[in-house]
Amino acid sequence: VSTQSTWGARYSQTNQGGSFHTDGVNLESGYDCFMLQCISAAQSGGQCILVDGLSVYKQMQATAPDALATLQANLNWEWKGIYTDRYYQQPIFKMGPNGIVWRYLRPYLQEAAAKTGTPLSAETLGAMDELDRCLSDPALQFRYLLHPGDITFVNDRQILHGRTAFEDFPNAVGLEEALAQPTDRPLKRAMTRIWLG
């Protein structure tokens, strides 16, 4: 899974793969869960990838305990798309009443650090590198394809997720375009998302 996407674009608005993350990092409260429903699938690619946060915690506890401790320190997060130049502080993970709570989207953390003039320390960057290594471990990943009509529910506090890159069918049209003007052309990959919590 790529950790980069087109500059200025959310990876969900592109056909690129995206870095592993939780949703709602631009909200201090975050989300409890989200629903993803497939309206139309891509011609190829676009696998959903889930990684159990508890498994990540256990692996890092065994292989990188110092990095795990670093991830519990507060970092700056931006209320991106909600408020202008406003930030809050939360760690990447913490212990909650129902277990470990994860909050992660590395590009947003790096962007908030740059905007606030508080560069991420070498220790923090190294800890995130260790986290990214764990998240990229195929042994910890559950991969699957959503087909039209399929729905998945994900615990956004304890499961991190990503997606592989995809290619749409040639001549495919977007959902909005197809609704406005009925066509026999195939649809581009389209998902409905609902966040709860």
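Quick caveat, the model's predicted, so the values are computed rather than measured.

## Focus on the sheet that holds strand β10 (residues 151-155)
Now for step 1: Read from one edge of the open sheet, three strands run β10-β2-β13, paired in antiparallel fashion. The open sheet is flanked by β10 and β13 (190-196), the only strands paired with a single partner. Geometrically, the sheet is characterised by an average inter-axis angle of 20 degrees between neighbouring strands, direction not taken into account.
Now for step 2: As defined by bridge partners, strand β2 (residues 33-40) adjoins β10 across five bridges and the pair is classed as antiparallel. Each bridged residue has a counterpart across the sheet, and for Met35 the counterpart in β10 is Phe153.

## What to know about the sheet that holds strand β4 (residues 48-52)
Paired through their backbone hydrogen bonds, the strands of a sheet run either parallel or antiparallel.
Now for step 1: Spatially, β1-β11-β4-β9 is the arrangement adopted by the four strands of the open sheet, whose pairing is antiparallel. What marks the edges here is a single partner per strand, and that holds for β1 (18-21) and β9 (141-144). Strand-to-strand, the axes of this sheet are offset by a mean angle of 20 degrees, without reference to chain direction.
Now for step 2: With two bridges joining them, β1 and strand β11 (residues 159-163) adopt antiparallel strand pairing. Across the sheet, residue Gly18 finds its bridge partner in β11, namely Arg163.
Now for step 3: Along the sheet face, helix α1 (residues 53-63) touches β4 and β11 and points at about 55 degrees away from the line of β4.

## A closer look at the confidence of the model for the protein chain
Now for step 1: The share of residues in the protein chain with pLDDT of 70 or more is 93%, and the mean pLDDT across the chain is 90.
Now for step 2: In the model, residues 1-9 has pLDDT below 50 throughout and makes 18 contacts with residues more than four positions away in sequence or in other chains.

## Focus on the environment of Trp195
Now for step 1: For Trp195, the position within the fold is in strand β13.
Now for step 2: Owing to a relative accessible area of 37%, Trp195 belongs among the partly exposed residues under this scheme.
Now for step 3: Counting along the chain gives 60 residues from Trp195 to Leu135, while the straight-line C-alpha distance between them is 23 Å.
Now for step 4: Leave out the neighbours within four places in its chain, and Trp195 touches Asp23, Tyr31, Cys33 and Phe34.
Now for step 5: Of the polar contacts made by the side chain of Trp195, one reaches the side chain of Asp23; its length is 2.8 Å.

## As for the side chain of Arg103
Now for step 1: Take Arg103: it is sitting in the loop between β8 (99-102) and α3 (106-116).
Now for step 2: Buried charged residue Arg103 carries no salt bridge. Nearest counter-charge: Glu28, at 7.1 Å.
Now for step 3: Side-chain polar atoms of Arg103 contact the backbone oxygen of Leu27, separated by 2.9 Å.
Now for step 4: Among the polar contacts listed, one links the side chain of Arg103 to the backbone oxygen of Glu28, at a separation of 2.7 Å.
Now for step 5: Once residues within four sequence positions are removed from consideration, Arg103 is found in contact with Thr22, Gly24, Val25, Leu27, Glu28, Ser29, Gly30, Trp77, Tyr88, Gln90, Pro91 and Ile92.

Definitions and cut-offs
Residues numbered from 1 in each chain as written. Predicted model: local features only at pLDDT ≥ 70, side-chain atom pairs only at ≥ 80, totals over all residues. Heavy atoms only, no water. Pairing = 2+ DSSP bridges. Helix = DSSP H or I, 4+ residues; strand = E, 2+ residues; numbered from the N terminus. Axes fitted to C-alpha atoms, helices over the stretch in contact; angles between N-to-C directions. Contact = heavy atoms within 4.5 Å. pLDDT = per-residue confidence, 0-100. Buried < 20%, exposed > 50% of the residue type's maximum accessible area, 1.4 Å probe, protein only. Polar contact = N/O pair within 3.5 Å; in protein donor to acceptor, adjacent residues only side chain to side chain. Lys, Arg positive; Asp, Glu negative; His and termini not counted. Salt bridge = Lys/Arg side-chain N within 4 Å of Asp/Glu carboxyl O.

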